[in-house]
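Chain and residue survey
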Amino acid sequence: MLAGFIGRMPMSMLGIGVVLLVQTLTGSYAIAGAVAATSNVSFAIAAPLSGRLVDRFGQNRVIPPFALVNALALTALMLCAGYGLPHWTLYVAGLLVGATSLSIGSMVRARWSLIHGGSSKLHTAFAFESVVDEVTFVTGPVLVTMLATGVNPFAGLTVALLCMLFGSLALAAQRRTQPPVQRLASSSGTPILIPGIALLSCVYLGLGAVFGSVDLITVAFAEEHGVKAAAGFLVGAFAGGSMVSALWFGSRHWRISLRGRFVRSLGLLVVGLLPIMFIGNVWIMAGALFLAGFAISPTLITGFSLTERLVPPSLLTEGMAWISTSIGFGVAIGAWAGGRLTEAYGASNAYGFALGAAALAAVVGVAGSGLLRIPEAPSPAKS
């Protein structure tokens, strides 16, 4: 758990760290958002492929080479920005950073599935992982913002690089809890062809767009109000609400089905995002983002639980990676759109994109919820 926590810290640091670095050196939120989007698209494409490699060869054999190449790519991105090289070099480096980033959270959840699969403890374990995710999203943005604005623009990404190396390599060294390598039958397909997983992927595409746009727009919102250094605190407030809800949600045993919890969480997210377009005070915005974040963890916890139930064990890591892929694509779309809309219409109006993305995700989730019906007898929620 500790290795996984440290290893996934870059998940919350890279996006805002790249935005702060590139925007500081180029003066453009559009370029910053585009570079961040390039990295996220690359990660989204590569995550299922690396997940399949993990299923076939094991975490201990796949993680180390990916981690080393990822460290080199992130170093290259910082050097290209620091030396003022042409903008296309930033995109190339960002692409390599994304392609070699591993979904550490999916790998830790796969370990929990091996240890507690079929028991009431799995629901709690997944909730605990959501708490860990949100702790990183509370602390990561604040840490990277403080380092980038208070030390120098490169400091935040440097710390993210060190966390990635230490945490991922420490996780790879723990072989006792890693899922065993399983031979794939020649007829084995990809989890994305399972209708329920395809639906979840579409929903999480919209959810990722919410995350990507809110992160970037919030940085611009803080700068518009003369407190750019508070951007990390605001982004952390969004994740803080999710962390609190994860503690509450994961500690309860639910009689409502996984499918019912999932669609209700999507509706709650839409309601929570409604006020942020109309707020002009930084401290009130922090409170509003905190409340809006309440729906994030329940949506993620139920989504990963549904994935664990819908995907065969031999494809579990790849199946969970598809969720990360969808979120990654969404974050890329959100970062790109957020940057463009912020420069064109201002931060407050740009938040309308996040609201629209959440509403679309909710509509798709509710309309296709029939694909998520699963037998509830072995569910930990019934214990």
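Just so we're clear, the structure is a prediction, and the values are computed from it rather than from any experiment. (Residues numbered from 1 in each chain as written. Predicted model: local features only at pLDDT ≥ 70, side-chain atom pairs only at ≥ 80, totals over all residues. Heavy atoms only, no water.)

With respect to the overall build of the protein
Keep this limit in mind: Strands are runs of DSSP state E lasting at least 2 residues, helices are runs of H or I lasting at least 4, and numbering of each runs from the N terminus. Categorising residues by exposure relies on relative accessible area from a 1.4 Å probe, with only protein chains included: less than 20% of the type maximum marks a residue as buried, more than 50% marks it as exposed, and the intermediate range marks it as partly exposed. We call two residues contacting when some pair of their heavy atoms lies within 4.5 Å. Computed with a 1.4 Å probe, the accessible areas rest on the Shrake-Rupley method; for each residue, only the protein chains presented here act as cover.
A count of helices and strands for the protein gives 15 helices and zero strands. When each of the 383 residues of the protein is scored for burial, the buried share is 59%. The contacts in the protein between residues at least 6 apart in sequence include a share of 86% that link residues at least 24 apart. If you sum the accessible surface of the protein, you get close to 15000 Å²; carbon and sulfur atoms cover 70% of it.

Looking at helix α13 (residues 296-310)
In plain terms, the rule: A helix is expected to span 1.5 Å multiplied by its residue count minus one.
Taking 1.5 Å per residue as the helical rise, α13 with its 15 residues ought to reach 21 Å, and the 21 Å between its terminal C-alpha atoms agrees with that figure. In terms of residue burial, α13 counts as a mostly covered element, since 14 of its 15 residues are buried.

Things to note about helix α14 (residues 316-345)
An ideal rise of 1.5 Å per residue puts 44 Å on 30 residues; α14 measures up with 42 Å between its terminal C-alpha atoms. By the criterion of burial, α14 is predominantly enclosed, with 21 of the 30 residues buried. Two residues or fewer after α14 comes Gly346, characterised by a positive phi angle close to 90°.

Side note on a nonpolar patch on the surface
Condition: Think of a patch as exposed residues, more than 30% relative accessible area, with no salt bridge, where like charges cluster within 9 Å and nonpolar side chains (Val, Leu, Ile, Met, Phe, Trp, Tyr) cluster within 5 Å. Only one rule defines a salt bridge in this text: a Lys or Arg side-chain nitrogen within 4 Å of an Asp or Glu carboxyl oxygen.
A surface patch of nonpolar side chains, about 410 Å² in accessible area, is lined by Trp88, Val92, Leu95 and Leu96. Within the secondary structure layout, Val92 lies in helix α5 (residues 87-99). Overall, the relative accessible area of 41% leaves Val92 in the partly exposed class.

Here's the deal with the environment of Gly339
If you trace the backbone, Gly339 turns up in helix α14. Gly339 sits 179 residues away from Ala160 along the chain, and the two C-alpha atoms are 23 Å apart. Residues in contact with Gly339, not counting those within four places in the same chain, are Tyr29 and Leu216.

Some remarks on the side chain of Ser12
Counting through the fold element by element, Ser12 comes out in helix α2 (residues 9-26). By relative accessible area, which is 5% here, Ser12 ends up buried. With sequence-adjacent residues up to four places away left out, Ser12 is seen in contact with Thr136, Phe137, Gly140 and Pro141.

As for the pattern of salt bridges
A side chain with one charge may pair with a side chain of the opposite charge, provided their charged atoms come close. Throughout the structure, instances matching the rule amount to two salt bridges. Put simply, Glu129 and Arg8 hold a salt bridge, and the shortest N to O gap is 2.5 Å. Placement of Glu129 in helix α7 (residues 121-150) and of Arg8 in the loop between α1 (2-7) and α2 is noted, with a sequence separation of 121 residues between them. Overall, the relative accessible area of 0% leaves Glu129 in the buried class. Given a relative accessible area of 2%, Arg8 falls into the buried group. The shortest N-O distance in the salt bridge between Glu318 and Arg52 comes to 2.7 Å. In this pair, Glu318 sits in helix α14 while Arg52 sits in helix α3 (residues 29-57), placing the two residues 266 residues apart along the sequence. For Glu318, a relative accessible area of 3% translates into the label buried.

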